[in-house]
Amino acid sequence: GKDLAHASDEIHFYEEARHELKGPEGESLAPLLAFMFEYAGLAKLDVECGGIKELLVMRNLCDGHTKLRMLDIKIGQVTAQAGWQGKSR
């Protein structure tokens with residue numbers, strides 16, 4: 001899973017994509033959304049040191065593969081700005 005504390009800006013995207021796949025438009029969006037991580041939802045786990053950790057439950061892309069090539073596509077101006085979300089460039 002991916003720690004929600006470091007991905008709070010991503011949960012809306014994954015929840016919306018999951019909702020769209022289940023809806024009437026899902027069939028037309030399926031070819032595009034097939035390129036994203038398989039997302040199963042949000043898990044709340046008890047942590048030994050106390051408290052609760054929330055994780056985005058996603059499939060490991062390396063599962064079933066010996067080599068992995070990844071293409072990270074950024075869409076929009078905001079993600080391209082230096083300093084956005086702590087990014088250096």
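Along each chain, numbering runs from 1 in the same order as the chain's sequence is written. Local features are withheld for residues below a pLDDT of 70 in this predicted model, meaning they are given only at 70 or higher, and side-chain atom pairs are given and counted only at 80 or more; totals for whole chains, interfaces and linings count all residues. Based on all heavy atoms of the structure, the side-chain values leave hydrogens and waters out of the count.

Trainee: Got a minute to help me understand the nonpolar core in this structure?
Mentor: Note on soluble globular proteins: their nonpolar side chains tend to be buried together. In terms of nonpolar packing, the biggest core is built from six residues, these being Leu4, Ala7, Tyr14, Tyr39, Leu56 and Met58. Contacts are assigned to residue pairs with any non-hydrogen atoms lying within 4.5 Å of each other. In contact with Leu56, other than residues within four places in its own chain, are Gly1, Lys2, Leu4, Ala7, Glu10, Ile11, Tyr14, Tyr39, Gly41 and Leu42. Within this scheme, the nonpolar core is defined by two criteria: the residues are buried Ala, Val, Leu, Ile, Met, Phe, Trp, Tyr or Cys, and they are joined through side-chain atoms within 4.5 Å. Throughout, exposure labels follow a simple rule: accessible area from a 1.4 Å probe, protein chains only, divided by the maximum for the residue type, with under 20% read as buried, over 50% as exposed, and the rest as partly exposed.

Trainee: Hey, could you run me through the pairing of strand E3 (residues 52–58) in this one?
Mentor: Where a strand is regular, its side chains alternate between the two sheet faces. DSSP bridges decide pairing: two strands pair if at least two such bridges lie between them. Strands here are runs of E lasting at least two residues and helices are runs of H or I lasting at least four, both read from the DSSP assignment and numbered beginning at the N terminus. Here two bridges tie strand E1 (residues 2–3) to E3, and the two strands are oriented antiparallel to one another. Bridge assignment links Asp3 to a residue of E3, and that residue is Leu55. Bridging between strand E2 (residues 39–46) and E3 involves seven bridges; their strand directions are antiparallel. Bridged to Ala43 within E3 is Leu55.

Trainee: Looking at this model, I keep getting lost on the environment of Glu10. Mind explaining?
Mentor: Mapped onto the secondary structure, Glu10 falls in the loop between E1 and helix H1 (11–22). Placed 46 residues apart in sequence, Glu10 and Leu56 show a C-alpha to C-alpha distance of 9.1 Å. For Glu10, the residues in contact, after removing those within four places along its chain, are Lys2 and Leu56. Polar contact is the term for a pair of N or O atoms within 3.5 Å; when the atoms are in protein, one must be able to donate a hydrogen and the other to accept it, and sequence-neighboring residues count only if both atoms are side-chain atoms. Among the polar contacts made by the side chain of Glu10, one reaches the side chain of Lys2 at a distance of 2.8 Å.

Trainee: What am I meant to see in the pattern of salt bridges here?
Mentor: Salt bridges are identified by distance alone: a Lys or Arg side-chain nitrogen within 4 Å of an Asp or Glu carboxyl oxygen. Counted under the stated rule, the structure contains six salt bridges. The residue Asp63 makes a salt bridge to Arg59 at a minimum N-O spacing of 2.8 Å. Overall, Asp63 belongs to the partly exposed group, its relative accessible area being 44%. If you follow the salt bridges from partner to partner, you end up with Glu38, Arg59 and Asp63 in one network.

Trainee: Is there a simple way to explain the packing of aromatic side chains in this structure?
Mentor: Here a ring pair, both rings aromatic, is described through the centre-centre distance and the interplanar angle of the planes. Two aromatic rings from Phe, Tyr or Trp, using only the six-membered ring of Trp, form a pair when their centres are within 6.5 Å; if the ring planes differ by under 30 degrees the pair is stacked, by over 60 it is edge-to-face, and anything between is tilted. In total, this model carries two aromatic pairs according to the counting rule given. Seen in terms of ring centroids, Phe13 and Tyr14 are 5.2 Å apart; in terms of plane orientation they differ by 75 degrees. Their pairing is edge-to-face. Linked through ring pairs, Phe13, Tyr14 and Tyr39 together constitute an aromatic cluster.

Trainee: Would you mind showing me how to read the sheet that holds E3 here?
Mentor: Strand order across the open sheet formed by three strands is E1-E3-E2, with antiparallel pairing between neighbours. Strand pairing shows two members of the sheet lacking a second neighbour, E1 and E2, which therefore form its edges. Across the sheet, H1 is in contact with E2 and E3; its angle to E2 comes to roughly 130 degrees. The axes used here are C-alpha line fits, helices contributing only the stretch in contact, and every angle between their N-to-C directions lies in the interval 0 to 180 degrees.

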